[in-house]
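# Secondary and tertiary structure notes
Chain by chain, the residues run as shown.
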Amino acid sequence: MKASALRPLALGVVALAVTVLLFSRAQAGDDDYYPPITDPLTLQECASCHIGFPPSMLPAASWQRMMGGLESHFGDDASLDTDTAAAITRYLVGHAGDAPGQANKLLRGLRPGDAPLRITELPKWVREHDEVPAAEWSRKDVGSKANCTACHIDAEKGYFEDD
Ligand code: HEC
Ligand code: HEC
């Protein structure tokens, strides 16, 4: 008798807790979430040497420039056949930070026409990491600023919260 009278209340508390959790995740997601690559071809070719960087982290002009110079890609040869490169370029450009309907949170401070090749050199990226102590960057498991997953464990799922 007593237990059954309590159950609805307990369930209500659990439901409330879950709602609060989901809500705060969604709120964090607004700022920290960058939709990851979903195109299988792009994932296959652009997420083997490093994580698949979210297309919305660079403007279309950057992806076009990068895809036009894959034979010397940051010291590596990442060249692809013409059709593959064209298909990946279409995907990246269509999901770039300045494409219609995309969030361009990291592009603030860029001038129209700027086509940086590194996310880690965007003014907004640099600002977001201003307060990361030097000791963090020189950690052995970090190695490079581009090694996002060392600090953002869910980077491959598109979450770049401070964790
Ligand atoms: C053969 C290995 C290789 C492949 C394949 C490759 N990359 Fe890279 N990429 C690199 C290396 C090496 C760097 C420099 C990483 C560093 O500075 O730590 C890099 C850096 C980058 C960066 C800049 C990261 C920063 O510093 O902000 C982007 C963006 C990028 N790659 C996109 C791509 C895309 C798009 C593709 C697919 C067309 C691709 N990469 C395929 C090796 C590769
Ligand atoms: C050495 C650890 C480290 C590495 C490597 C790193 N970050 Fe970060 N990043 C942080 C920290 C810490 C913060 C939070 C800074 C703050 O809040 O003051 C942050 C913040 C961010 C934010 C802002 C999130 C928000 O709250 O809006 C983004 C976006 C981001 N990082 C993307 C990246 C990307 C993309 C890469 C890889 C190209 C990367 N980070 C590599 C440590 C790192």
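These remarks concern the structure in this document. (Residues numbered from 1 in each chain as written. Chains lettered and ligands numbered in written order. Predicted model: local features only at pLDDT ≥ 70, side-chain atom pairs only at ≥ 80, totals over all residues. Heavy atoms only, no water.)

To continue, consider the site of ligand 1. What surrounds ligand 1 is a group of 21 residues, the closest being Cys46, Cys49, His50, His73 and Ser144. At 2.8 Å from a nitrogen atom of ligand 1 is found a side-chain nitrogen or oxygen belonging to histidine 50. Elements with a contribution of two residues or more to the shell around ligand 1: α2 (40-46) and α3 (60-67). In terms of residues, the shell around ligand 1 owes the most to one element, α3, which gives three residues. (Near = heavy atom within 4 Å. Polar contact = N/O pair within 3.5 Å; in protein donor to acceptor, adjacent residues only side chain to side chain. Helix = DSSP H or I, 4+ residues; strand = E, 2+ residues; numbered from the N terminus.)

Moving on, we get to the coordination of the iron atom of ligand 1. Surrounding the iron atom of ligand 1 are the protein donor atoms His50 (NE2) and His73 (NE2), which sit 2.0 Å from the metal. What the six donor atoms of the iron atom of ligand 1 show is an angle range of 88 to 179° at the metal, which sorts the shape as octahedral. Of this pair, histidine 50 sits in the loop between α2 and α3 while histidine 73 sits in the loop between α3 and α4 (82-94); the two residues are 23 residues apart in sequence, bridging distant segments of the chain. Here histidine 50 falls in the partly exposed class, since its relative accessible area comes to 32%. (Donors = N, O, S within 2.8 Å, 3.2 Å for Na, K, Ca; no water. Tetrahedral: all angles 85-135°; square planar, octahedral: opposite > 155°, others 65-115°. Buried < 20%, exposed > 50% of the residue type's maximum accessible area, 1.4 Å probe, protein only.)

What follows deals with the pattern of salt bridges. The final tally for this structure, using the stated rule, is five salt bridges. For aspartate 114, the salt bridge identified is with arginine 111, shortest N-O distance 3.5 Å. According to the relative accessible area criterion, aspartate 114 is partly exposed, its value standing at 23%. In this structure, the salt-bridge partner of lysine 157 is aspartate 154, at a minimum N-O distance of 3.5 Å. Lysine 157 gets classed as exposed once you look at its relative accessible area, which sits at 56%. A relative accessible area of 21% means that aspartate 154 is categorised as partly exposed. (Salt bridge = Lys/Arg side-chain N within 4 Å of Asp/Glu carboxyl O.)

Another point: the coordination of the iron atom of ligand 2. Within the protein, His129 (NE2) and His152 (NE2) serve as the donor atoms for the iron atom of ligand 2, at 2.0 Å. The site at the iron atom of ligand 2 holds six donor atoms, and with the angles between them running 87 to 180°, its shape is octahedral. Placement of the pair is histidine 129 in the loop between α5 (123-128) and α6 (134-137) and histidine 152 in the segment after α6, with a sequence separation of 23 residues. The pair formed by histidine 129 and histidine 152 is uniform in burial state, with each residue classed as buried.

Turning next to unusual backbone geometry. Excluding glycine, a negative phi dihedral is what most residues carry, and trans is how most peptide bonds are arranged. Residues other than glycine seldom take positive phi values, yet phenylalanine 74 does so here, at roughly 50°. Tracing the chain through its elements places phenylalanine 74 in the loop between α3 and α4. Overall, the relative accessible area of 42% leaves phenylalanine 74 in the partly exposed class.

Tracing the chain through its elements places tyrosine 91 in helix α4. Residue tyrosine 91 is classed as buried on the basis of its relative accessible area of 12%. Spatially, the C-alpha atom of tyrosine 91 lies 9.7 Å from that of tryptophan 63, the residues being 28 residues apart in sequence.

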